[in-house]
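# Summary of the model geometry
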Amino acid sequence: MRWPSRQLHMGRYQYRCTGMMMRSCGSVSIKMVATLVGLALSRVASVECVSSSTRVVSAFSLGAGRRCCFLDPNQGSGWSTVSRQMSSSASTEELPMDLPRREDVMVAVEAMRKACRITRAIQPSGKEDDGISTVTKVDASPVTVGDFCAQAVTLRHLNQHFPQDAFVAEEGSAALRSDQDLSKEILNAIQSQLPKEVDSISTLLDNIDLGQSFSLPKHKNTKRIWCLDPIDGTKGFLRGKLTGGQYCVALALIEDGVPVVGILGCPNLPVEVDDDGYAWDEAEEEATNGKTRGCLFVATRGGGCYQLPLFSSGDTPAKRLHVTPNDASAMSISEARFCIGVERSFGDPLGQSMAIAKILHGEDEALDGEGQIIRARRMDSQVKYGVLARGGAEIYIRLPKAGYVEYKWDHAAGSVVIQEAGGEMTNVDGRPIDFGLYGNKLSDTVRGVIGSNGGIFHKALVDAYQRQEKERNNIS
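Residues numbered from 1 in each chain as written. Predicted model: local features only at pLDDT ≥ 70, side-chain atom pairs only at ≥ 80, totals over all residues. Heavy atoms only, no water.

## Let's talk about the pairing of strand 20 (residues 395-398)
- Residue alternation in strand 20 divides its side chains into two sets, Ile395 and Ile397 and Tyr396 and Arg398, and both sets are buried.
- By the bridge criterion, two bridges tie strand 18 (residues 338-340) to strand 20 in an arrangement that is parallel. Paired with Cys339 across the bridge in strand 20 is Tyr396.
- Bridging between strand 20 and strand 22 (residues 449-452) involves four bridges; their strand directions are antiparallel. Pairing of Ile397 across the sheet is with Ile450, part of strand 22. (Buried < 20%, exposed > 50% of the residue type's maximum accessible area, 1.4 Å probe, protein only. Helix = DSSP H or I, 4+ residues; strand = E, 2+ residues; numbered from the N terminus. Pairing = 2+ DSSP bridges.)

So this is what it looks like as structure tokens:
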């Protein structure tokens with residue numbers, strides 16, 4: 001008996017299955033006639049019968065926790081073998097089976113891959129004649145088509161699986177409700193990559209506004225809040241691929257005020273830790289650079305931090321990440337590398353990073369002829385947290401102008417990533433940052449955020465900040 005291709009929902013994950021099923025003598029026998037996409041047939045490990053009272057007749061294992069169920073043909077459609085949609089789905093073999101909050105993570109990874117698929121496709125190249133529509137917000141910061149696309153797709157996916165959870169995200173739909181052309185552009189951008197994901201402008205706008213659901217009365221006592229920055233590093237996104245513009249999609253799950261899951265989708269970051277080729281080559285193409293560019297950093301509280309390919313091929317295991325040893329056994333503090341923003345005007349308008357570098361590296365060894373930190377990598381966004389987590393740098397500093405209050409989505413995901421890799425993130429006084437305040441912002445007492453590989457490095461960083469602050473205030 002031949003059945004058509006169907007989509008199967010297993011728990012909160014989706015599989016697409018085709019094949020043949022045969023029934024005989026009241027028992028079930030299964031004949032597999034299918035090609036497994038991304039999985040070898042040799043990985044089909046077993047077939048077992050299950051009670052039909054649950055509408056499930058049979059199941060077979062695809063190794064490491066993968067299972068496909070066959071439904072009783074008298075009660076519904078049936079399936080045989082599994083073909084995962086690897087371009088955006090999360091392969092269960094990429095992460096440990098005992099990873100804490102694994103189900104949350106797998107759903108979130110799939111959402112992030114959808115978002116990154118769109119943003120990567122529509123990011124400007126960086127050429128003068130290649131741009132993207134933007135809106136200027138009240139604070140004069142830009143928001144792009146990519147921001148709206150990523151927020152709509154990510155929150156829609158999460159809300160489908162976790163409808164009881166609340167969401168806090170950077171963007172809202174107010175500017176779009178009076179701009180049909182821009183709304184259509186956003187919808188077209190999504191549908192060009194994921195044709196069935198969002199079917200109308202009204203659905204698009206509603207999905208974007210899920211990001212304000214944390215403020216609804218029904219979520220007043222909600223313990224689980226997903227915190228999203230749909231494109232962190234919008235200016236890097238706008239700079240373009242050919243100029244090395246870095247950005248990330250940053251997602252965290254906050255439970256009872258504590259970030260417990262952090263995921264950074266970094267479409268332009270090289271896969272290898274020592275690869276400084278942040279800019280795409282002219283001849284570089286998405287279809288062929290999957291092994292060299294694009295990373296997902298995935299971390300869970302108590303479960304460690306991992307680097308995954310941006311888009312899964314099903315055969316690449318997750319790589320457990322660790323910061324540079326923080327006891328100075330592999331590197332001295334005077335050799336510590338900074339990972340800082342491209343635009344100093346926002347992240348360090350007073351030039352305090354340079355003063356800290358002089359303290360840590362030495363007065364004559366810290367800066368080049370133009371007054372820039374010599375031992376430094378420069379990039380936009382929370383990508384920097386991922387770079388520290390995998391040992392590509394040791395010091396992160398963000399010191400915005402006085403009076404600026406940090407948003408949760410700018411640090412929640414990165415905090416889990418760096419801490420679970422063995423590093424540390426605090427305010428400039430060395431105290432932990434509280435993400436439990438109501439609303440979308442951190443406390444106004446957070447005057448800056450610093451991160452490091454931890455240990456004696458973090459103590460030295462806090463001490464250096466305090467020293468330069470004292471010297472600066474004495475001079476002024």
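Now that the structure has been shown, the text picks up again.
## A short note on the sheet that holds strand 11 (residues 166-169)
- Sheet architecture is open: seven strands sit in the order 11-12-13-14-15-16-17, paired in mixed fashion. Strands at the two margins of the open sheet, each flanked by one partner only, are strand 11 and strand 17 (319-320).
- Running over the sheet, helix 1 (residues 102-122) touches strand 12 (224-232), strand 13 (248-255), strand 14 (258-270), strand 15 (293-300) and strand 16 (304-309) and is turned about 30 degrees from strand 14.
- Helix-sheet contacts for helix 2 (residues 145-161) involve strand 11, strand 12 and strand 13, and the interaxial angle to strand 12 is about 155 degrees. (Contact = heavy atoms within 4.5 Å. Axes fitted to C-alpha atoms, helices over the stretch in contact; angles between N-to-C directions.)

## A few points about the pattern of salt bridges
- This structure, assessed with the given rule, holds 26 salt bridges.
- Residue Glu197 is joined to Lys114 by a salt bridge in which the shortest nitrogen-to-oxygen separation is 3.1 Å. With Glu197 in the loop between helix 3 (180-193) and helix 4 (201-208) and Lys114 in helix 1, the pair connects residues that are 83 residues apart, well separated along the chain.
- With a shortest N-O distance of 3.9 Å, Glu469 and Arg447 are connected by a salt bridge. Of the two residues, Glu469 is situated in helix 10 (residues 455-475) and Arg447 in the loop between strand 21 (424-427) and strand 22; the sequence distance between them amounts to 22 residues. (Salt bridge = Lys/Arg side-chain N within 4 Å of Asp/Glu carboxyl O.)

## Some words on the nonpolar core
- With 40 residues, the main nonpolar core has Leu264, Leu269 and Phe297 as its most contacted residues.
- Listed by contribution, the elements that provide at least two residues to this core are strand 11, strand 13, strand 14, strand 15, helix 8 (383-389) and helix 9 (412-420).
- With residues up to four places along the chain from it excluded, the contact list for Leu269 reads Gln246, Tyr278, Arg293, Gly294, Cys295, Phe297, Val383, Val387 and Arg390.
- Listed in part, the 31 residues of the second largest apolar core include Ala108, Ala115, Leu158 and Phe167. (Core = buried A, V, L, I, M, F, W, Y, C linked by side-chain atoms within 4.5 Å.)

## So, the packing of aromatic side chains
- In this structure the tally under the stated criterion is six aromatic pairs.
- Ring centres 4.8 Å apart and planes at 5 degrees place the aromatic pair Tyr407 and Trp409 in the stacked group.
- Look at Trp409 and you get buried, because its relative accessible area is 4%.
- When the ring centre of Phe162 is taken as origin, the NZ or CZ atom of Arg224, which lies over that ring, is 5.2 Å away. (Phe/Tyr/Trp six-rings, centres within 6.5 Å; stacked < 30°, edge-to-face > 60°. Lys NZ or Arg CZ within 6 Å of the ring centre and 35° of its normal.)

## Details of the pairing of strand 12
- In terms of burial, strand 12 is largely enclosed, as eight of its nine residues are buried.
- Pairing of strand 12 with strand 13, which is carried by seven bridges, proceeds in the antiparallel orientation. Residue Asp232 lies in a different strand from strand 13, and its bridge partner there is Cys248.

## Remarks on the confidence of the model for the chain
- Taken as a whole, the chain shows an average pLDDT of 83; of its residues, 79% reach a score of 70 or greater.
- Across residues 1-87 the pLDDT falls below 50, and counting only partners more than four positions away or on other chains, this stretch makes 186 contacts in the model. (pLDDT = per-residue confidence, 0-100.)

## Section: the packing of helix 1 against helix 3
- Close contact between helix 1 and helix 3 brings their axes to 9 Å; oriented N to C, the two are set at 110 degrees. In this view, helix 1 runs roughly perpendicular relative to helix 3, as classed from their interaxial angle. Considering only the axes of helix 1 and helix 3, their crossing is right-handed. On the side of helix 1, the interface is formed by Arg117, Ile118, Ala121 and Ile122, while helix 3 contributes Ala189, Ile190 and Gln193.
- Partitioning the contact of helix 1 with helix 3 into residue classes produces five nonpolar, one polar and one charged. (Parallel < 35°, antiparallel > 145°, perpendicular 65-115°, else oblique. Left-handed = near helix turned anticlockwise from the far one by under 90°. Nonpolar A, V, L, I, M, F, W, Y, C, P; charged D, E, K, R; others polar.)

## Some words on helix 9
- Where burial is concerned, most of helix 9 is hidden: seven out of the nine residues are buried.
- Listed in full, the buried residues belonging to helix 9 are Ala412, Ala413, Gly414, Ser415, Val416, Val417 and Ile418.
- Just past helix 9, the residue Gly422 takes up positive phi, approximately 105 degrees.

## Some remarks on the sheet that holds strand 19 (residues 376-378)
- Strand order in the open sheet formed by five strands is 19-18-20-22-21, and the pairing between neighbours is mixed. Either end of the sheet is taken by a strand with one partner, and the two such strands are strand 19 and strand 21. Sheet twist, expressed as the average angle between the axes of neighbouring strands with direction ignored, equals 20 degrees.
- The pairing of strand 18 with strand 19 spans three bridges and is parallel. Bridged to Cys339 within strand 19 is Arg377.
- Here helix 7 (residues 352-361) sits on the sheet and contacts strand 18 and strand 20; the angle it forms with strand 18, its principal contact strand, is near 175 degrees.
- Sitting on the sheet, helix 9 touches strand 21 and strand 22, and the angle it makes with strand 21 is about 135 degrees.

## Section: the layout of surface pockets
- In this structure, the largest pocket occupies an estimated 1200 Å³ of space.
- Together, 41 residues line the largest pocket, and Lys235, Phe346, Gly347, Arg398 and Tyr404 are the ones closest to its centre.
- Among the secondary structure elements, those contributing two or more residues to the lining of the largest pocket are strand 12, helix 5 (234-239), helix 6 (344-347), helix 7, helix 8 and strand 20.
- No other element matches the four residues that helix 6 contributes to the lining of the largest pocket. (1 Å grid on protein atoms, 1.4 Å probe; cavity = no way out; pocket = protein on both sides within 12 Å on 5 of 7 lines; lining within 4 Å. Points joined across faces, edges and corners; volume = space filled by probe spheres on them.)

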